[in-house]
Amino acid sequence: MSSIRVGVVMDPIAGITPAKDSTFAMLLAAQERGHDLHYFEQIDLRLLNGEALGNGRKLRVTDDQDRWFKLGPVTKISLAEFDVLLMRKDPPFDMEYIYTTYILELAEARDLLVVNRPASLRDINEKAYTAWFPHCTPPSLITRSEDNLKTFLREQEKIVLKPLDGMGGRSIFIVSQKDPNTNVILETLTEYGSQFILAQRYIPEITEGDKRILLIDGEPLDYSLARIPASGETRGNLVMGARGEGRELTERDRWLCSEIGPTLKDKGILFAGLDVIGDYLTEINVTSPTGIRELDREYDIDVADMLLGAIEKKLSG
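For clarity, every value in this text was computed on a predicted model and none was experimentally measured.

K.L.:
Looking at this structure, how should I read the overall build of the protein?
P.N.:
Assigned secondary structure in the protein consists of 8 helices and 16 strands. Oriented by its inertia axes, the alpha-carbon framework of the protein measures out at about 60 × 45 × 40 Å. Taken across its 317 residues, the protein has 50% of its residues classed as buried. Sequence separation of 24 or more characterises 67% of the internal contacts of the protein that already satisfy a separation of 6 or more. Summed over its atoms, the accessible surface of the protein is roughly 14,700 Å², and 47% of this surface lies on carbon and sulfur atoms. When the 38 basic and 51 acidic side-chain charges of the protein are each reduced to a single mean position, those positions are 2 Å apart.

In structure tokens form, the structure reads like this:
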């Protein structure tokens, strides 16, 4: 395919860890394919008289842990001039994130391919959207009622509690019956009944790893990245010290993907990450899924290049 214009909206590139960063892997793959890269942060975007604009800078990347990027001068650009824009801003999924999707959606209406589709980024809360697939999840409850949560705890005996807008294992609690801290945990997470949270039955297989399964246009890779909690931890998040270990997909993993992947594809989610513990889906990551570089190193593959191939197919088809 001839050269295309690729924009990326991300957190400050100077603050990333290149060896671990999935967005950086995508940029390397796009550049290797001969595509032009342009860099934006949220502050660079705006709507002016119904047009989505940005203060973009041409970007060159190098797979070097000391000097990994070079930016050109700032140029005012209409986002509709790009062929594809990668929305890779990390959570929190707050109102500023939603406002950003409005800007991108207006450019999308003028034939810009946004990965992932802005409306679907709004619709698919990474924890709440698992409720659309109850046959794939452990027993789960979304509520802001402390009484409902206590009833669920009595029924399940041991549960995991999560805020709906968190990431990276932040503010995740495991609670058992008769835990003396139950009341204060529920009060803190729900802010005294004013915020919805997710409760799921505790899955003991977390000790074997929280598997991240990457899907490209609804189809899974053959491998997952199992994030094995550090000693004394229960959270399978790399940022919390978990150890990453590659695994081939199991038959159950593939079944979960077959149940969820087609829906994500129909909703314009070109790149997603399913979190699976034991036999159960626990989260559906669509905002900024990670794990590319770890899988690349373990299996000598190029996940980002596969993604760029799928993007080029979309643009040409």
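K.L.:
Just to check I follow, could you spell out the sheet that holds strand S9 (residues 158-163) for this structure?
P.N.:
Sheets are built from strands that pair by backbone hydrogen bonding, the pairs being arranged parallel or antiparallel. Read across the open sheet, the 4 strands follow the order S8-S11-S9-S10; overall the sheet is antiparallel. On the outer flanks of this sheet lie strand S8 (140-143) and strand S10 (173-176), each paired with one strand and no other. Within the sheet, the average angular offset between the axes of one strand and its neighbour, ignoring direction, is 25°. In the sheet, S9 pairs with strand S11 (residues 197-201) via 5 bridges, with the strands oriented antiparallel.

K.L.:
Got a minute to help me understand the state of the cysteines in this structure?
P.N.:
One way to say it: the disulfide is the covalent bond shared by the sulfur atoms of two cysteines. The full count for this structure, using the stated rule, is 0 disulfides. Its sulfur unpaired, Cys136 is 9.6 Å from the next cysteine sulfur, which belongs to Cys257. With a relative accessible area of 0%, Cys136 lands in the buried category.

K.L.:
It is not clear to me how the pairing of strand S13 (residues 219-228) should be interpreted in this structure. Could you clarify?
P.N.:
Note on strand geometry: in a regular strand, side chains alternate between the two faces of the sheet. As paired strands, strand S12 (residues 210-216) and S13 are joined by 6 bridges and run antiparallel to one another. Looking across to S13, one finds that Ile213 is bridged to Ser224. The pairing of S13 with strand S14 (residues 243-248) spans 6 bridges and is antiparallel. Residue pairing for S14: Arg227 is matched across the bridge by Gly244.

K.L.:
So what exactly am I meant to see when it comes to the sheet that holds strand S15 (residues 271-277) here?
P.N.:
With antiparallel pairing, the 5 strands of this open sheet are ordered in space as S14-S13-S12-S15-S16. Looking along the sheet, the strands with just one partner apiece sit at the ends: S14 and strand S16 (280-285). Sheet twist, expressed as the average angle between the axes of neighbouring strands with direction ignored, equals 30°. Relative to S16, S15 runs antiparallel, the two being bridged by 5 bridges. If you follow Leu274 over to S16, its bridge partner there is Ile284.

K.L.:
Explanation requested: a nonpolar patch on the surface in the structure shown.
P.N.:
A cluster of nonpolar side chains, Met95, Tyr99 and Tyr102, forms an exposed patch at the surface whose accessible area comes to about 320 Å². Mapped onto the secondary structure, Tyr99 falls in helix H2 (residues 95-108). Here Tyr99 falls in the partly exposed class, since its relative accessible area comes to 41%.

Rules used in this analysis
Residues numbered from 1 in each chain as written. Predicted model: local features only at pLDDT ≥ 70, side-chain atom pairs only at ≥ 80, totals over all residues. Heavy atoms only, no water. Helix = DSSP H or I, 4+ residues; strand = E, 2+ residues; numbered from the N terminus. Buried < 20%, exposed > 50% of the residue type's maximum accessible area, 1.4 Å probe, protein only. Contact = heavy atoms within 4.5 Å. Areas by Shrake-Rupley, 256 points an atom, 1.4 Å probe, with all protein chains shown as cover. Lys, Arg positive; Asp, Glu negative; His and termini not counted. Charge placed at Lys NZ, Arg CZ, Asp CG, Glu CD. Pairing = 2+ DSSP bridges. Axes fitted to C-alpha atoms, helices over the stretch in contact; angles between N-to-C directions. Disulfide = S-S within 2.5 Å. Patch = residues over 30% accessible without salt bridge, like charges linked within 9 Å, V, L, I, M, F, W, Y side chains within 5 Å. Salt bridge = Lys/Arg side-chain N within 4 Å of Asp/Glu carboxyl O.

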